Every structure is written in C-alpha cells, then in structure tokens.
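Reading the structure
Listed below, chain by chain, are the residues.
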Amino acid sequence: MPSAAGPVAVASASAAAKAPATPAVGISPDLYPSEDDLPYEEEILREPFKLKGWWRYLVARAAAPFSKRAVIYERGLKALPGSYKLWHAYLRERLDHARPHPIDHPAYSSLNNTFERALATMHKMPRIWVLYLTSLLDQRLLTRSRRAFDRALRALPVTQHDRIWPLYLRLASFPACPVETSLRVFRRYLQFDPSHAEDFINFLISASRWQEAADRLASVLNDDGFRSVKGKTRHQLWLELCEILTKHADEVAGLKVDAILRGGIRKFTDEVGKLWTSLADYYVRRGLFEKARDVFEEGVSSVVTVKEFSVVFEAYTQFEQSMLAAKLEAAEEEGAEDEDGGGGRKNGMDKLSKKFLEEFWLNDEDDTELRMARFERLLDRRPELLSSVLLRQNPHNVEEWHRRVKLFEKDAARQVATYVEAVKTVDPMKAVGKPHTLWVSFAKMYEKHNRLDSAEDIFKRATQVNYKVVDHLASIWCEWAEMELRHSNFDKAIELMRQATAEPSVEVKRRAAAEGNEPVQMKVHKSLKLWSFYVDLEESLGTLDSTRAVYERILDLRIATPQIILNYAYLLEEHKYFEDAFKVYERGVKIFKYPHVKAIWVTYLTKFVQRYKRSKLERARELFHEAVQQAPPDEKRPLYLQWAKLEEDYGLAKRAMNVYDEAVRAVPNSEKMAMYEIYIARAAELFGVPRTRQIYEQAIESGLPDRDVLTMCMKFAELERSLGEIDRSRAIYVHASNYADPNNSDFWKKWNDFEIQHGNEDTFREMLRIKRTVAASRSQTHFILPEYLMQRDQRLNLDEAVDTLKRAGVPEDEMAALERQLAPGPSTAAPPAAQSAAPVSANRMMNFVSAGVEAQAESSRQQAANNEDIELPDESDDEEPDVQIAEKSVPAAVFGELGKRAAESQEESSGAQENEQLGALERIKRRRQ
C-alpha cells in the first residue's frame, strides 16, 4: 500500500531516482529527505507499518531541526496512529519546543491541537492526559482545562483517577478560579476520596465560607471512623470548630453551638479553659452579655486545674473590665451629646414615661456603679474560687480546707458552713493530712465564742467517726479533755479519760468481728497517748492509789514505754515506796531489751546504790552482773565503771580490780584503750605503781591495734624509767619498735632522748640499727644484689674517682693515699681475722640481714671467745675496804592507798607491842597523860 507513506514519500522517492526538480510551493527544501535519508526511506517504504523502521529513522535524525523531525513524526503517526511510543515522544518534543515561548505563541495552539489528535486514539492513556492537563494549567486556560479534566475523568477508569485529581484540585485552588467552581470540584473529589475532607475544610476557611466549613467540621467530628490524613487529633479539630463558631457567630447558623462546645468540654479535659472562654466569647459576639457572664461563672466553678482556672478567670476579668470601659465611654458620649443639644425634641410619650418612671430604680440606665461593684467583687473572690479549684482536685485535702476557713476569718457564718461542708466531704480513709484536726478546729471555734455545749456536741460526733489511725481518735479525746480543763471541769476531764480508755465489752467485740471491719473505737483503749494523758491527769488531780491503778493498767496492757516505767518509779520514790519502785524497775528490765532498757538499768542501779549503799552489797553485785550480761558490748563500759565505783566505795579493792579486768575483756576494741587507762590509774592509786606492770603487760598482749599498743608501750617504758628500771624500759622500747612506723617521729624521738639520757654508745647504735631495720622492713622495694656485683660496682666507682683526680692534676702519691682510703677491702695493717670479717659484715649490712641474725652471730662469737682460757690476776689477801652504800627511801606513791593503810596498821601494832612491854602502872600513867 504505497499511498500509506503519503505525498511526501512519493516526492522523496522520485527525487532520489531522477534529477532534482523544483520543490513544491510552501514546503521548505530542508523538509525533504536527503541522500543520507535514502536507506531509512527505502526501509519505511518496504515496511511502513513497523515501528522499528520509523524509530530508527528518528534516532538517526536526533540532531535534525524540530520541523524536520515533526514531519517524520507526522508521517509515522499517519501510518501508525495507535503507537503510544510515537505519540508520547512526539508530544514531549512539542512540549519542549513550545515551553520557551510565551503562552500566546502559535506553538501552544499547535501543541493543544496535537494533544487533541493524540487523545482521539490515546484517550485511555493516563500519561497523555497528565501531559495535556499540566500544559493547560501552565497556560491558565481555566475553562478548557475544566472541560479537559471532565473528559479525562470520563475516559479513564476509576482506578486511575488518583492521577488526575491532584491536578484538578490544583486548578480549583487557583485564585482566578471562581469559588463556586472550586466548591463543585472539591465536592466531587470528596465523593471519590472522603478522607481528604480536611483539604475541603481548609479551602472553605480560606474562601470565608464559614457556614459550610462548620458543617463539614461537625460532620467529621461526628464520624467516629474518620482519621486525619494530616495527623490532626480530634481535639485539634474541635478547637478549629470552636474557633469558627465563636469568631463567626453571626455567619454560622443551624448548629447548636452551646451543645457542641459543652460536649467538647466534657470530652476533652486538657483544654477546658479555652473551650469555656470560646463559649463565652460566642455569646459576647451575639450580644448576650448576661449569658456570657453566666458561662464564665460556670467555668470558674467547674474547672479542676489551676492552669485552666487562670485562663477562664483572666478572660472573665477582661470581659468585666471591657464592659465597664464600654459603659464609661457610652456615658461620656451621651454627656457630650446633651451638652451639644443634639438630643432632639422628645415626643409626648417619652416625656410621660420619664415622668412616671423617674424615681423607679429599675429605670436607671446608668449601671456604672453596679458594673464596678461586680468587677471588684470578682477580684475579691479570686482566693475563694482558687481554693474551690484545689478542693475539686482533691476534696479530701485537709490542709486546703483549713486554708479555706482562714479566708472567712471575719465571717463566722461562712466559717461554720465551711467546717460543716469539710467534715461531710472529707473521707478519713482517703484524707491527705489529719482529718481529726477539722473537728478540733470546728469545736475550738465554738469554744472561742463561748458555745461549750456546741463544742461538746462536735467532739461527741467526732469520737464516733471511723478514722484511719487510732492516734487521730485519741487526739480527739485528748483535745476534748483539755477543753474541759481550760474551763476548770476537772472531774469531767477525768471521766472523759475513763470513758476513752474503757475496754469494749465482749459483745461489742463479737459484733465488730462479725462485721469484718474493726473500727478504731475498738482499739483506742490501747492508745499510749490516751493513757499518758490520763496518768498525767491522775498525778495532778487524783490520789496515789488511782494513779497507781492507771500505771498498773498500762503495764497490764503491755503498752508501757521506758519513760512510763521511770515515771512510775519516780512517783513511788516521791511517796517513799522504795521497794515498790525497785519492783517496777525489775518489771521494766524484764519487758524491754537494749537499747530501750539502757535508761532503766542506769537509773535502777544508781537509785539502788544510793539507797542501800553497803547494806545490800551482794544484791547490788547481782544486779550489776545481770546488767552487764544483757548489755551489748557498746553499752557495757558505763555499767562496768559504775560497778567498779561501787566496789571501791563500799566493797573490796580486789573485787574492783576484778571488775576492771573483766571490763577490759568485754568492751569493744575501740574502747579498750580508754578502759585500760582507767584500769591502770585506779590500780596505781589503790595498789601502787608496781601493780600496774601486770596490767601494762596484759594490755600489750591483749590484741589492741598497733597504734594503741605503741602508746601503751611508751607509757609502760616511761613508768619503768621513773622507777629506775632502765633495762626494762629499754627492752620495752625494743619491743615497741615492732609496732612503730618509721615516720612516727614521736616514738623515735622519745627513744632517742631516753638513750641520750640513760644509754651509752652501744645502746644508741643498737637503737639506730633497729630503726634502720624497721625502715627496711617497711619499705616498698628491696634490692638484694650478689656480693661480687657490689664489689665490682665499688671498684668501678673507685676507678672513676682516680681518673677524675688525674685529670684534675693531683700528684700520684696523694692519689695513692686517697685510693687506699677509698678501697673497699681491708687495710694492710688489719689482722687476718679482721680482713676476713670485714667483707662479710659489709655484705651482711648491704643485704639488710635482720637484727636477730646479727645478734645470734655476735653471741656465737662471744661464746667462741669465752672457750679460751683467761688469765685472772691473783687474789689479794688484803680485805677490801668497806664501801658505804647510800640508802634512799622508796616513794610513798609506789605503794598507793594500801601502803598508807599498811603503815597506819603497822604503827598501831608497834604501839600495842610497846604497851605490852611496859608495866601496868606505866601504861596507866601514859593514858592519863
């Protein structure tokens, strides 16, 4: 079918076969095929209905002008009108060709015609429609675009409409697009996809279509299955609806604004304040000011958070302030008009009404003072309203009720009403605070106004309330009794305490157990607070027998405290019942354990010793023994000291020493040092200083911490030095060095001073050697080198010193003398034994050999030396002259108090012996003298 290629193809073929002819009029020569195009032309002539040949032709002529490629596209599309590939490529090239030109250029009209021709066969292809519609939107052809969109939606299946609608909505959002057209487009779109209702609502708001926007928002909120595609919550949508309804109240009709906003208040509790102000603003815009005031009052009376209250109250005060300001401005304007005479003539009816209603207060149009009073009253009510908000948060907050009562200090009636409301509202089981204080404060208010009968009625009702804690009910009884005491009703106060502490009957207990919920009234008879108050009353107002009965009842109920025991014993001691008091102490130490029983034991022992002294010494010893057996180690020291004081004052000194000895073993390690010091001091005073040696030795070997052992050794050494036992003192210092720190300058200084005063050169060297040994044993690192390495190092040091002297110009004879002095070996004059011993001793000191090893070596050498025969000088027959040895008396402090007693007894015995040696007559004469 050769005609399918068209006239242009026939012309190209004839031009290729014959000589070139004159081209046709109106067709540019560039549009005709050239010699390079002949292979492609021949291919499409042979197979004009195959896309491959046309596509190869277009690819080969990719650099050709658009007009020539357009001719090829047109020829190909005429042969293949249903080829999507050709149409799409052709339209894309036409778009790129027309885009640089203005929209009124002929290229756009040609482009639109091409799109229309393409859609004749490509109307099911959404990409073609998208290209076409996008081009029309860019050209701002609104009517043609709308019609094209409608054709596209009708031509394409519904499953492909989602490609068209975004472009259609773009058309509807153009400012030049009529609002009605846009509305219809959005309504059609919502039929396709109802989930995008928010886009329509935003468009309605931007177009100021408030009525339809409110309707759409209301329908969205009523739809429980609606989900916002923009992520908005239902609360945000509610707020948008409220804003529309309140700010455009005159333009929105048909909706129950009050019901809608109140529904939002009930449903969305986090923005209650804003919704209340929105509802009041709605009525303000409608001109219903009294209704708006009612809404504000309802709002401040129903919000439950301080934040929401602040929002509503602030809006309320602004409303009242604006109303007052508007009235003042209106009054000023009316006054100005009256001064200008612009009021005009009054008709007869107005004059007549003014005449009859002139003195009637309802006819007064100037309500400025009323509005001012409202505003001031609102500001004065703020603390009360805020208290109501806090109580709505937690109606069982006792402290907040007390603060609310203080707001009405000048209004007794309001205080009474507040107390009544408080005691009715507060649940003792849920109360935050102490609910019984409300009843007490309520009764004290009546007492303040001298209404004792009403106060007693309140206390009586308060005792019947089931409190959470027994102490609350006990406080009610105590406050009631104190009120009676303030008004000198002593007998009634004691009777109230008897009534409060009375144990419920068996029947009442059985009934409470059957109900399962035991009230505090069943437990209050065991309240220590009640019994303490009761016993105080009995001590002050009752007799001794009644007071003792109360104390015995407390002990029987097993609710006594150590202080109760002490108070009971003091009471009996005041009335000279000492044995009964001691029996009370006995009961106390059996009831309580440490640490609570400590005060009872101390008081008991003190009182017993003061009472009986030496008369019941064995019983006192048994008490002390029992006390120290029960006491923990931390509490034993004062008891032992008290026991030892008893033995010193009324017993035997030996027993006192036994107590001290037992004490130093029983107390904890932290107190042993102090206890040993007391032990030593008392032993020195009672038995003399030599008796303390045994205690010092016991303390040193008792396992005290090293620091305390060192201190004890230093005191022991000082004691021996004072007694003249220098060797014993030095041995103690040597033993103490095992516990001494090389950095402890105090110990080493004392030992140094001791050796300077009492020692010699050997003992001083021994002290220094021990100090070095201790320092070496306490050091962090020890370097122990072989002997030959140390000698080699010394030889190297000597050679280096000689070289240095040679370089300095020192003569050789002087250098030889210095070398002999610096040589590590023994001198030539030394004996062989000394030569062999010197390196060994040097090596031994360099290797830090312990002091014990050196001492053993020295002792072995001394023994070897002693084995040799020693020539002694001949004994002289002459007798040595007598040597007069001076005698010195022993200090009396050495023997202590016992020494004094022994001296006194010795004087008495010597006096008795003298009397026995005398005759009877001489004794009588001396007695008379």
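Residues numbered from 1 in each chain as written. Predicted model: local features only at pLDDT ≥ 70, side-chain atom pairs only at ≥ 80, totals over all residues. Heavy atoms only, no water.

The subject of this paragraph is the overall build of the chain. The helix and strand inventory of the chain stands at 47 helices and zero strands. For the chain, contacts bridging at least 24 residues in sequence account for 56% of all contacts bridging at least 6. Only carbon and sulfur atoms are counted for the fraction: they give 52% of the accessible area of the chain, which is about 56,300 Å². (Helix = DSSP H or I, 4+ residues; strand = E, 2+ residues; numbered from the N terminus. Contact = heavy atoms within 4.5 Å. Areas by Shrake-Rupley, 256 points an atom, 1.4 Å probe, with all protein chains shown as cover.)

Overall, the coordinates contain 33 aromatic pairs when judged by the stated rule. Aromatic pair tyrosine 282 and tyrosine 283: ring centres 5.2 Å apart, planes at 65°, arrangement edge-to-face. Take tyrosine 282 and tyrosine 283: they sit in the same class, and that class is buried. Put simply, the rings of Phe582, Tyr585, Trp601, Tyr604, Phe608 and Tyr612 pair up and form one aromatic cluster. When the ring centre of phenylalanine 174 is taken as reference, the NZ or CZ atom of arginine 140 above it lies at 4.4 Å. For arginine 548, the ring lying beneath its charged end belongs to tyrosine 577, and the centroid distance is 5.6 Å. (Phe/Tyr/Trp six-rings, centres within 6.5 Å; stacked < 30°, edge-to-face > 60°. Buried < 20%, exposed > 50% of the residue type's maximum accessible area, 1.4 Å probe, protein only. Lys NZ or Arg CZ within 6 Å of the ring centre and 35° of its normal.)

Bringing unusual backbone geometry into the picture now. What you tend to see is this: most non-glycine residues have negative phi, and most peptide bonds are trans. A cis amide bond links tyrosine 594 with the next residue in sequence, proline 595, at an omega value of 5°. Phi is positive for lysine 576, close to 70°, though the residue is something other than glycine. You can see lysine 576 is positioned in the loop between helix H30 (562-574) and helix H31 (578-591). On the basis of relative accessibility, which here comes to 62%, the residue lysine 576 falls in the exposed class.

What follows covers the packing of helix H15 (residues 272-285) against helix H16 (residues 289-300). Across the interface, H15 lies against H16 with an axial gap of 7 Å and an inter-helix angle of 170°. Judged by the inter-axis angle, H15 sits roughly antiparallel to H16. From H15, Trp276, Thr277, Leu279, Ala280, Tyr283 and Val284 reach across to H16, where they touch Phe289, Lys291, Ala292, Val295, Phe296, Glu298 and Gly299. Split by residue class, the contact of H15 with H16 holds nine nonpolar, two polar and two charged. (Axes fitted to C-alpha atoms, helices over the stretch in contact; angles between N-to-C directions. Parallel < 35°, antiparallel > 145°, perpendicular 65-115°, else oblique. Nonpolar A, V, L, I, M, F, W, Y, C, P; charged D, E, K, R; others polar.)

Below, the discussion takes up the pattern of salt bridges. Throughout the structure, instances matching the rule amount to 50 salt bridges. We note a salt bridge from lysine 247 to glutamate 243, for which the minimum N-O separation is 3.1 Å. Here lysine 247 pairs with glutamate 243, and both are found in helix H13 (residues 234-247), just four residues apart, close to one helical turn. Of the charged contacts in the structure, one is a salt bridge between aspartate 649 and lysine 645, with a shortest N-O distance of 2.5 Å. With aspartate 649 and lysine 645 both in helix H34 (residues 636-650) and four residues apart, this pair spans about one turn of that helix. (Salt bridge = Lys/Arg side-chain N within 4 Å of Asp/Glu carboxyl O.)

Quick look at the packing of helix H23 (residues 436-448) against helix H25 (residues 470-486) now. Following both chains from N to C, one finds H23 and H25 inclined at 15°, their axes separated by 9 Å at the closest point. Accordingly, the angle class assigned to the pair H23 and H25 is roughly parallel. Considering only the axes of H23 and H25, their crossing is right-handed. The residues of H25 that touch H23, namely those facing His436, Trp439, Val440, Lys444 and Glu447, are His472, Ser475, Ile476, Glu479, Met483 and Arg486. A class-by-class count of the residues in the contact of H23 with H25 yields four nonpolar, three polar and four charged. (Left-handed = near helix turned anticlockwise from the far one by under 90°.)

For the rest of this paragraph, the subject is the confidence of the model for the chain. The predicted model of the chain has a mean per-residue pLDDT of 76, with 77% of residues at 70 or higher. Within the model, the stretch residues 781-786 combines pLDDT values under 50 with five contacts to residues more than four positions away or in other chains. Predicted confidence for residues 822-888 stays below pLDDT 50, and this span has 24 contacts to residues more than four positions away or in other chains. (pLDDT = per-residue confidence, 0-100.)

Trp477 and Phe747 are the most contacted members of the largest nonpolar core, which has 123 residues in total. When residues no more than four places from it in sequence are discounted, the contact partners of tryptophan 477 are Thr463, Leu496, Met497, Gln499, Ala500, Val524 and Leu530. Core analysis: the second largest hydrophobic core is formed by 100 residues, Tyr90, Leu156, Trp165 and Leu245 among them. (Core = buried A, V, L, I, M, F, W, Y, C linked by side-chain atoms within 4.5 Å.)

All right, on to the environment of alanine 656 then. Note that alanine 656 resides in helix H35 (residues 653-666). With a relative accessible area of 0%, alanine 656 lands in the buried category. Alanine 656 sits 26 residues away from arginine 682 along the chain, and the two C-alpha atoms are 9.0 Å apart. With sequence-adjacent residues up to four places away left out, alanine 656 is seen in contact with Ala644, Glu647 and Glu648.

Looking now at helix H21 (residues 398-406). One turn of an α-helix holds 3.6 residues; hence residues three or four places apart share an orientation. For H21, every residue scored as buried is listed here: Val398, Glu400, Trp401, His402, Arg404 and Val405. Among the structural elements, helix H20 (382-393), helix H22 (412-425) and H23 are those in contact with the buried residues of H21. Its side-chain oxygen 3.4 Å from the backbone nitrogen of glutamate 399, asparagine 397 forms the N-cap of H21. (Polar contact = N/O pair within 3.5 Å; in protein donor to acceptor, adjacent residues only side chain to side chain.)

Looking now at the side chain of serine 737. The topology assignment puts serine 737 in the loop between helix H39 (726-736) and helix H40 (745-758). Under the relative-accessibility criterion, serine 737 is labelled buried at 4%. A distance of 2.5 Å separates a polar side-chain atom of serine 737 from the backbone oxygen of valine 734. Among all residues touching serine 737, those that are not within four sequence positions of it are Phe747, Trp748, Trp751, Ile770 and Val774.

Here the focus is the environment of alanine 500. Here alanine 500 shows up in helix H26 (residues 490-501). Residue classification places alanine 500 among the buried residues on the basis of a relative accessible area of 3%. Setting aside residues no more than four positions away along its own chain, alanine 500 makes contact with Trp477, Val524, His525 and Leu530.

Let us now look at the side chain of serine 135. Residue placement: serine 135 occurs in helix H7 (residues 126-139). Among residues more than four places away in sequence, those in contact with serine 135 are Leu95, Leu111, Asn112 and Phe115.

What follows concerns the environment of serine 228. Mapped onto the elements, serine 228 comes out in the loop between helix H12 (210-222) and H13. The spatial distance from the C-alpha of serine 228 to the C-alpha of histidine 196 is 8.0 Å, given a sequence separation of 32 residues. Side-chain polar atoms of serine 228 contact the backbone nitrogen of glycine 231, separated by 3.4 Å.

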